[in-house]
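Observations on the model geometry
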Amino acid sequence: MAEDSDLEKTESATPRRLQKAREEGQIVRSRELSTFALLSAGFFGVWGMSSSIGEHLQQMLRASFTFDHASVFETRRMLIGAGAAGREGLYALLPILAFTGAAALLSPLALGGWQLSAKGLEPKFNRLNPITGLGKIFSINGPIQLGMSLAKTLVVGLIGGTAIWNRREEVLALATQPLHLALANTVHLIAVCCGMTVAGMFVIAALDVPYQLWQFHKKLRMTKEEVKREHRESEGDPHVKGRIRAQQRAIARRRMMTNVPKADVVVTNPTHFAVALQYTDGEMRAPKVVAKGVNLVAARIREIAAENNVPLLEAPPLARALYHNVELNREIPGPLYGAVAEVLAWVYQLRRFKTEGGEKPVTPTDFDVPAELDKGGVSDEEANEEAADTLNPAANSANDDASGASA
């Protein structure tokens, strides 16, 4: 059952799938919406410029039916008259052509936008398969498209026929009217009929657009396995990403270890935490943390500090507070100034004792650490990350290789 469900395309298309389909020229299109836009543009063009169109048509008819006796027998003059009549007709239709052309270019923006793709022009011989063609004819999409076409024809025909029938007396009266009045009334009747037809096409387009959107997204649906595979391709294998993160953490920690010999003191708790502090008078506003770690990393920090004669100070609350509240290469917060000042004072006294002798300084044990900064022991996430890095030989070997290369 699980395998069967995976083979069904039940998942919505991912953004990557939609982008790929767009690159291949597959975008949402509605013929009814384009037809509605063209009719609307023609209707408003005729309605808004009826007077200008009527004047040009009147000039065209006058030029066509006005001639003298000599024009009948001269072909050249007849051609000139036909050219003038055609020019007036073009002037009459030019605004309508401009409106409908703009509508044809702008209507695709309502759904899928413009798309120029050469892949849509590539020949696909599988489309010549007669079995596939028969499948499309007898699919559910075929009857729906046929029904839409019949509905469009019936709606447009019914609306147009009703409009003409209701104004049949006005149509018949055009023959008895003067030319200029008949032309104006003709343009008005055409505009009214077109307006009613546009209203009918609006209903058809309002039904077709949601259907086309549903059909498009249904066609691009994916199986659960396809979604998982695409996620792996785009995001990467989680196991590989985990190993990369482990290697990055290991490299960052190894680089961090190079700062331990430069530290002034390492504060410990003494086993689980170790934080290395550095302060240069005149260059830093406050001491900063140059290395820190827990468990095995803390043990390594203590080893490096001992090898390089960096003082170790056991101060559990301060070590925990520094580890949890200060990021690497960041200055310590204000509430810890007092405690860290005591530590640095002890470090300077210890240095003077080693160089000049005298009485050995007393190691401080009591530090003023705010309770809200002492967050306790090691979290499970920190312990798991370090355990993963330590138990992953690939990460450790990659770490050593990367460190050796950088050295």
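Residues numbered from 1 in each chain as written. Predicted model: local features only at pLDDT ≥ 70, side-chain atom pairs only at ≥ 80, totals over all residues. Heavy atoms only, no water.

Of the regular secondary structure elements, the chain holds 17 helices and 4 strands. The proportion of buried residues among the 407 residues of the chain is 31%. (Helix = DSSP H or I, 4+ residues; strand = E, 2+ residues; numbered from the N terminus. Buried < 20%, exposed > 50% of the residue type's maximum accessible area, 1.4 Å probe, protein only.)

A word on the pattern of salt bridges. The final tally for this structure, using the stated rule, is 3 salt bridges. Between Arg351 and Asp264 there is a salt bridge, and its shortest N-O distance comes to 2.7 Å. Of the two residues, Arg351 is situated in helix α15 (residues 337-356) and Asp264 in the loop between α12 (238-257) and β1 (265-268); the sequence distance between them amounts to 87 residues. Residues Glu331 and Arg285 are paired through a salt bridge, measuring 3.4 Å at the closest nitrogen-oxygen approach. Of this pair, Glu331 sits in the loop between α14 (316-325) and α15 while Arg285 sits in the loop between β2 (273-278) and β3 (288-294), placing them 46 residues apart in sequence. (Salt bridge = Lys/Arg side-chain N within 4 Å of Asp/Glu carboxyl O.)

Moving on, we come to the sheet that holds strand β4 (residues 312-314). Read across the open sheet, the 4 strands follow the order β3-β2-β1-β4; overall the sheet is mixed. Two strands close off the open sheet at either side, each with one partner strand: β3 and β4. Looking at each pair of strands side by side, their axes are set apart by 20° on average, direction ignored. Bridge count between β1 and β2: 4 bridges; the pairing is antiparallel. The residue bridging Thr268 from the neighbouring strand is Ala274, located in β2. Contacts between helix α13 (residues 295-307) and the sheet are confined to β1, β2, β3 and β4, with β3 contributing the most and set at about 125° to the helix. Across the sheet, α15 touches β1, β2 and β4, and the angle it forms with β1 is around 130°. (Pairing = 2+ DSSP bridges. Axes fitted to C-alpha atoms, helices over the stretch in contact; angles between N-to-C directions. Contact = heavy atoms within 4.5 Å.)

Moving on: a nonpolar patch on the surface. A cluster of nonpolar side chains, namely Leu90, Tyr91, Leu93, Leu94 and Leu97, defines an oily patch on the protein surface of about 490 Å² accessible area. Here Tyr91 is to be found in helix α6 (residues 75-106). We classify Tyr91 as partly exposed; its relative accessible area is 39%. (Patch = residues over 30% accessible without salt bridge, like charges linked within 9 Å, V, L, I, M, F, W, Y side chains within 5 Å. Areas by Shrake-Rupley, 256 points an atom, 1.4 Å probe, with all protein chains shown as cover.)

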